[in-house]
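The residues making up each chain are set out below.
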Amino acid sequence: MSDSLAPIDILLVEDDPGDVLMTKEAFEHHKIRNSLHVVSDGVEALDFLRRDGEYADAPRPGLILLDLNLPKKDGRQVLAEIKAEPELRSIPVVVLTTSEAEEDILRSYDLHANAYVTKPVDFERFVEVVRQIDDFFVTVVKLPK
C-alpha cells in the first residue's frame, strides 16, 4: 500500500473525444480525486512531459494513459521517447488502446510499457477498467516521487 493516498496527476494521451469524455466520466463516477490532464496527439504529449512551450508549468504526471493510434506522433514513438529519457522513464505508462493485435502488445512491452489494456467498447466496462487502473497504480503500487 502506498504511504500516502494523496491525489496524483494523470496524463491522458488520447485523440478520440468520445474516449476522453468516457475517461472523464469514469473519474467522476468513481469520485477519483486525481487530476486528469488531456493532450490529443503525440507531439503535445512530449511537450507536456518535457514542459516545453505552453506546457512550461505542467505538473509531472505520476501516471500516463497512452493511446497507440495518435496523430502527429503515434503512441509507440511516444512510449519509446519516454522510456529513453532518464527524467521521464520512471513514470508508469499504461497503454490504453482499442488494438488487440499481438504485435502491438509485444511492441508495447518491448518499449517498456508498464501495462497494456484494451479499451472495452461498453461504457460500464470502460468505467470499471479505468477504476481498476486507478486503484492499482494509485492505491496498490508505490510510485516514484
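Parameters and conventions
- Residues numbered from 1 in each chain as written.
- Predicted model: local features only at pLDDT ≥ 70, side-chain atom pairs only at ≥ 80, totals over all residues.
- Heavy atoms only, no water.
- Helix = DSSP H or I, 4+ residues; strand = E, 2+ residues; numbered from the N terminus.
- Buried < 20%, exposed > 50% of the residue type's maximum accessible area, 1.4 Å probe, protein only.
- Pairing = 2+ DSSP bridges.
- Axes fitted to C-alpha atoms, helices over the stretch in contact; angles between N-to-C directions.
- Left-handed = near helix turned anticlockwise from the far one by under 90°.
- Contact = heavy atoms within 4.5 Å.
- Nonpolar A, V, L, I, M, F, W, Y, C, P; charged D, E, K, R; others polar.
- Phe/Tyr/Trp six-rings, centres within 6.5 Å; stacked < 30°, edge-to-face > 60°.
- pLDDT = per-residue confidence, 0-100.
- Right-handed = clockwise from strand over helix to strand, strands pointing away.
- Salt bridge = Lys/Arg side-chain N within 4 Å of Asp/Glu carboxyl O.

A. Region of interest: unusual backbone geometry. One non-glycine residue with positive phi stands out, namely R51, at about 60°. By the secondary structure assignment, R51 is in the loop between α2 (42–50) and β3 (63–66). Judged by relative accessible area, R51 falls into the partly exposed class, the value being 33%. A positive phi angle, close to 75°, is found at H112, a residue other than glycine. Tracing the chain through its elements places H112 in the loop between α4 (102–110) and β5 (115–118). Looking at H112, the relative accessible area reads 53%, which means it is exposed.

B. The sheet that holds strand β4 (residues 93–97), seen in detail. What the five strands build is an open sheet, ordered β2-β1-β3-β4-β5; its pairing is parallel. The open sheet terminates on both sides in strands that have one partner only, identified here as β2 (35–39) and β5. Averaged over all adjacent pairs, the angle separating strand axes in this sheet is 20°, with direction ignored. Where strand β1 (residues 9–13) lies against β2, five bridges are found, and the strand directions are parallel. For L11, the partnering residue across the bridge sits in β2 and is H37.

C. Broad picture of the packing of helix α1 (residues 17–29) against helix α5 (residues 123–140). Here α1 crosses α5 at 65°, and the two axes come no closer than 9 Å. Note on packing geometry: the crossing formed by α1 with α5 is right-handed. Contact residues: α1 offers D19, M22, T23, E25, A26, F27 and H29, while α5 offers F123, F126, V127 and V130. Residues belonging to the contact of α1 with α5 are distributed by class as follows: seven nonpolar, two polar and two charged.

D. Representation of the packing of aromatic side chains within the structure. As enumerated under the stated definition, the model contains one aromatic pair in all. Seen in terms of ring centroids, F48 and Y55 are 5.5 Å apart; in terms of plane orientation they differ by 55°. Their pairing is tilted. The buried category is assigned to Y55, whose relative accessible area is 13%.

E. Layout of the confidence of the model for the protein chain. Put simply, the protein chain has an average pLDDT of 87, and 91% of its residues get 70 or more. Predicted confidence in the protein chain is weakest over α5, with a mean pLDDT of 82, and strongest over α2, with 96.

F. Geometry of the pairing of β3. Burial along β3 is two-sided: L63 and L65 facing one way and I64 and L66 facing the other are all buried. Here β3 pairs with β4 via three bridges, running parallel. Bridge pairing links L66 to V95 in β4. In this view, the connection linking β3 to its parallel neighbour β4 by way of helix α3 (residues 75–84) has right-handed handedness.

G. Focus on the pattern of salt bridges. With the rule as written, the count across this model stands at 11 salt bridges. Taking the shortest distance from any N to any O, the salt bridge between E81 and R50 comes out at 2.6 Å. One end of the pair, E81, is in helix α3; the other, R50, is in helix α2, with 31 residues separating them in the sequence. The shortest N-O distance in the salt bridge between D104 and R76 comes to 3.0 Å. Highlighted residues: D104 in helix α4 and R76 in helix α3, separated in sequence by 28 residues. A residue is classified by how much of its surface remains accessible, and D104, at 12% relative accessible area, is buried. Counted as one network, the salt bridges with shared partners bring together E14, D19, D67 and K119.

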